[in-house]
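As a plain string of letters, each chain reads:
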Amino acid sequence: QGGGVTLVSAPPGFGKTTLAAQICLNSELKTVWYRLDPLDNNLWDYLDYLILGIRRHFPEFWCTFTNKNRTVKLNAKGVAKMASEFLICFEKKINQDLYIILDDYHLISDSREIQEFNQIILDRYVPFLNLIIISRTQLPLKLSKLLADRNINRISEHDLAFSRDEVRQFFDNIVSHSLNENDL
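Let me sum up the structure you'll find in this document. It should be emphasised that the depicted structure is a prediction, and the values quoted were computed from it without experimental measurement.

Focus: the pairing of strand S3 (residues 98–103)
Where burial is concerned, most of S3 is hidden: five out of the six residues are buried. In terms of strand pairing, S3 meets strand S4 (residues 129–135) through five bridges, oriented parallel. Looking across to S4, one finds that leucine 102 is bridged to isoleucine 133. Running through helix H4 (residues 112–123), the crossover from S3 to the neighbouring parallel element S4 is right-handed.

Comments concerning the packing of aromatic side chains
One pass over the full model with this rule turns up eleven aromatic pairs. Pairing tryptophan 62 with phenylalanine 65 gives two aromatic rings, centres 4.8 Å apart and planes at 50°, and the pair type is tilted. Exposure class is identical for tryptophan 62 and phenylalanine 65. Each is buried. A centroid spacing of 6.1 Å and a plane angle of 35° characterise the contact between phenylalanine 86 and phenylalanine 90, whose relative ring orientation is tilted. With phenylalanine 86 and phenylalanine 90 both in helix H3 (residues 76–93) and four residues apart, this pair spans about one turn of that helix. Every member of this aromatic cluster is reached through a ring pair, and the members are Tyr34, Trp44, Tyr46, Tyr49, Phe61, Trp62, Phe65, Phe86, Phe90 and Phe117.

Here is what the cut-offs are and how they apply
Residues numbered from 1 in each chain as written. Predicted model: local features only at pLDDT ≥ 70, side-chain atom pairs only at ≥ 80, totals over all residues. Heavy atoms only, no water. Buried < 20%, exposed > 50% of the residue type's maximum accessible area, 1.4 Å probe, protein only. Helix = DSSP H or I, 4+ residues; strand = E, 2+ residues; numbered from the N terminus. Pairing = 2+ DSSP bridges. Right-handed = clockwise from strand over helix to strand, strands pointing away. Phe/Tyr/Trp six-rings, centres within 6.5 Å; stacked < 30°, edge-to-face > 60°.

Here you go:
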């Protein structure tokens, strides 16, 4: 029974998305891959896509979420209400690990409502909910509770960068081109 957060953070070109995709492809994990774009920068669209992805594995997930929810004012109280409903439904309907990958998270970091929603989700341990957040920048979220509870894994550019030996091995075995020390 899992549950936790993995943060993959590095500049472009370090293989963040490739790493997560390989893990998903080489496993039997139930995954929801949500590749974010700047148009997802409002809570309603964000929730629509997130719920749609979850329903691929759990069709009965948050069936009460409809257009009538859009009448909720997106102040702090309204966002907390939506996050609470999401969590209650998740705990009732999902009884096995689900991995939600939020790719290119930096593209929605300007949305106060999404950040508040996700902060509430992160602050509450939910069995079976595994978030993998991929970003080019630091998250606009508070991670101290997750760090204190040891419920977060961090993968940074340092972890993703190839060592000299790995570069040499790649060129020797994959590219079939040997490099000298000056080229490394």
